Amino acid sequence: MKNLNSAVVIGPQSLTELAQMLQSKAVSQVFVVVDSNTVRHCYPILEPVLPAHTLIEIPAGEEYKTLASCDMVWSQLTEKSADRYAVVVNLGGGVVTDLGGFCAATYKRGIRFIQVPTTLLAQVDASVGGKTGVDFQGFKNQIGVFQEPAAVFIAPQFLHTLDDRQLKSGYAEVVKHWLIADAEAFATQRQEGVLVTDWSPIIQDSVATKQQIVEADPLESGLRKVLNFGHTVGHALESYLLLQSGREILHGEAVAAGMICESWLSVQKGLLSETELDRIETFLFSVFEKVQFVTLETDAIAQLALQDKKNSGSTINCTLLQGIGKAVYDQPVTLAEIAESLRYYHRL
Ligand SMILES: NC(=O)c1ccc[n+]([C@@H]2O[C@H](COP(=O)([O-])OP(=O)(O)OC[C@H]3O[C@@H](n4cnc5c(N)ncnc54)[C@H](O)[C@@H]3O)[C@@H](O)[C@H]2O)c1
Ligand SMILES: O=C(O)C(=O)C[C@@H](O)[C@H](O)[C@H](O)COP(=O)(O)O
Ligand SMILES: [Zn+2]
């Protein structure tokens, strides 16, 4: 097992450790941010161990990962006179951990927050590493800050109420971690697919992979960009489809499609072999359905990659694979190449 940062506690006992942390005299008030689903499915598990607190509920879903929802959170903190010794506990998936983290990191220039991720995606990825933020004008995570949580408590028992589609969405980020850093896990663990009975070892390994990269480059000036594999195209697809009513796509589904497109780009740049591309595609299509769009839409989708945070000026910098298990960042690709990768995906 790889070493984990001490601020991340994984296992069923983690909620007891969270309770102990909150009992500290240095905590003036506790606020718990939930969404309309986690208040039903997860809060009843957490509530018994919590000290007195104020519950703040936001609507569930990516479409509510906005400044308007932040307004609700900041308003409650203000109404309840939260001071700098207050602590925000974010109980939910990546939307709650990203948004709640951002609200805490900016309220009175920053109060402490604790992540209690309740989806696989948030447990293996979103709760760790200090990227917080919200979407803006349809662009993913356009407004945000890097701010590490005071701690992350990962309790796999929350996953029992998660449906299969959400589980698969989180699995996409697990696969991303394998593709960028762990060829052996990709070769062996992919056999099991999502028919996993105990997610704990997978969560541990994924978090360890992410932690190691984040510790080396917390502010994404270089190496951390490898964690963005699949996201140049993935975020463009996600942003495009989010704005279209009735064409909802989950983050992990978009990333899975993005990983196929960016693996194809890796082949075009001579970094990845056709055989490896085939292995990646076959596996991802065994888990994820194909994302539906028409070829006429590919240029409009590709255009959205111009807002990617890894870009410099008008150069789109992609993270590509140099073989399975090794990623290389800052690989310039043209808008035409992004569009072509989407057309390749569409033809599959
Ligand atoms: N900060 C980061 O490093 C990072 C990393 C990856 C993804 N993200 C972000 O995370 C978000 C996606 O996160 P997500 O997939 O967790 O989505 P999400 O937060 O929308 O949760 C998915 C759905 O599951 C519900 N839910 C949550 N926990 C549940 C449980 N235990 N049982 C039943 N239902 C539950 C939620 O209410 C929601 O409807 C995206 O906005 C993405 O950009 C951030
Ligand atoms: O932690 C990171 O760094 C990542 O890139 C992880 C991604 O899975 C995640 O979706 C992240 O929110 C994307 O960040 P962005 O900077 O591309 O908005
Ligand atoms: Zn992601």
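Definitions and cut-offs
- Residues numbered from 1 in each chain as written.
- Chains lettered and ligands numbered in written order.
- Predicted model: local features only at pLDDT ≥ 70, side-chain atom pairs only at ≥ 80, totals over all residues.
- Heavy atoms only, no water.
- UniProt positions renumbered as here; feature names shortened; annotations may be inferred.
- Helix = DSSP H or I, 4+ residues; strand = E, 2+ residues; numbered from the N terminus.
- Buried < 20%, exposed > 50% of the residue type's maximum accessible area, 1.4 Å probe, protein only.
- Near = heavy atom within 4 Å.
- Polar contact = N/O pair within 3.5 Å; in protein donor to acceptor, adjacent residues only side chain to side chain.
- Areas by Shrake-Rupley, 256 points an atom, 1.4 Å probe, with all protein chains shown as cover.
- Nonpolar A, V, L, I, M, F, W, Y, C, P; charged D, E, K, R; others polar.
- Salt bridge = Lys/Arg side-chain N within 4 Å of Asp/Glu carboxyl O.

Brief notes about the UniProt feature "domain: 3-dehydroquinate synthase C-terminal" (unreviewed entry) in the protein chain
Step number 1: Under the UniProt annotation, "domain: 3-dehydroquinate synthase C-terminal" (unreviewed entry) lies at residues 170-311.
Step number 2: Annotated as 61% helix and 0% strand, the span residues 170-311 places its first and last C-alpha atoms 26 Å apart.

Regarding unusual backbone geometry
Glycine aside, negative phi is the norm for most residues, and most peptide bonds take the trans geometry.
Step number 1: Despite not being glycine, Arg-109 shows a phi value in the positive range, around 65°.
Step number 2: Following the sequence through the fold, Arg-109 ends up in the loop between α5 (94-106) and β5 (112-117).
Step number 3: Arg-109 sits in the exposed class, given a relative accessible area of 76%.
Step number 4: With a phi close to 55°, Asp-330 is a non-glycine residue in the positive phi region.
Step number 5: Relative to the elements of secondary structure, Asp-330 occurs in strand β10 (residues 327-333).
Step number 6: Given a relative accessible area of 31%, Asp-330 falls into the partly exposed group.

Description of the site of ligand 2
Step number 1: Taken together, the neighbourhood of ligand 2 is formed by 14 residues, with Asp-125, Lys-210, Arg-224, Asn-228 and Lys-309 sitting nearest.
Step number 2: Here Lys-176 contributes a side-chain N or O atom positioned 2.9 Å from an oxygen atom of ligand 2.
Step number 3: Coverage of ligand 2 by the protein amounts to 92% of the 430 Å² it exposes when considered alone.
Step number 4: Of all the secondary structure elements, the ones that give two or more residues to the shell around ligand 2 are α7 (164-181) and α10 (231-242).
Step number 5: Across the shell around ligand 2, the residue classes tally to 1 nonpolar, 5 polar and 8 charged.

Focus on the pattern of salt bridges
Step number 1: One pass over the structure, following the stated rule, counts 16 salt bridges.
Step number 2: With a closest N to O distance of 2.6 Å, Lys-210 and Asp-125 form a salt bridge. Linking Lys-210 in helix α9 (residues 200-216) with Asp-125 in helix α6 (residues 120-126), this pair joins segments that are 85 residues apart in sequence. Here the two residues Lys-210 and Asp-125 agree in accessibility, since each one is buried.
Step number 3: For Glu-297, the salt bridge goes to Arg-247, with nearest N and O atoms at 2.7 Å. Of this pair, Glu-297 sits in the loop between α12 (274-287) and α13 (298-303) while Arg-247 sits in the loop between α10 and α11 (251-268), placing them 50 residues apart in sequence.

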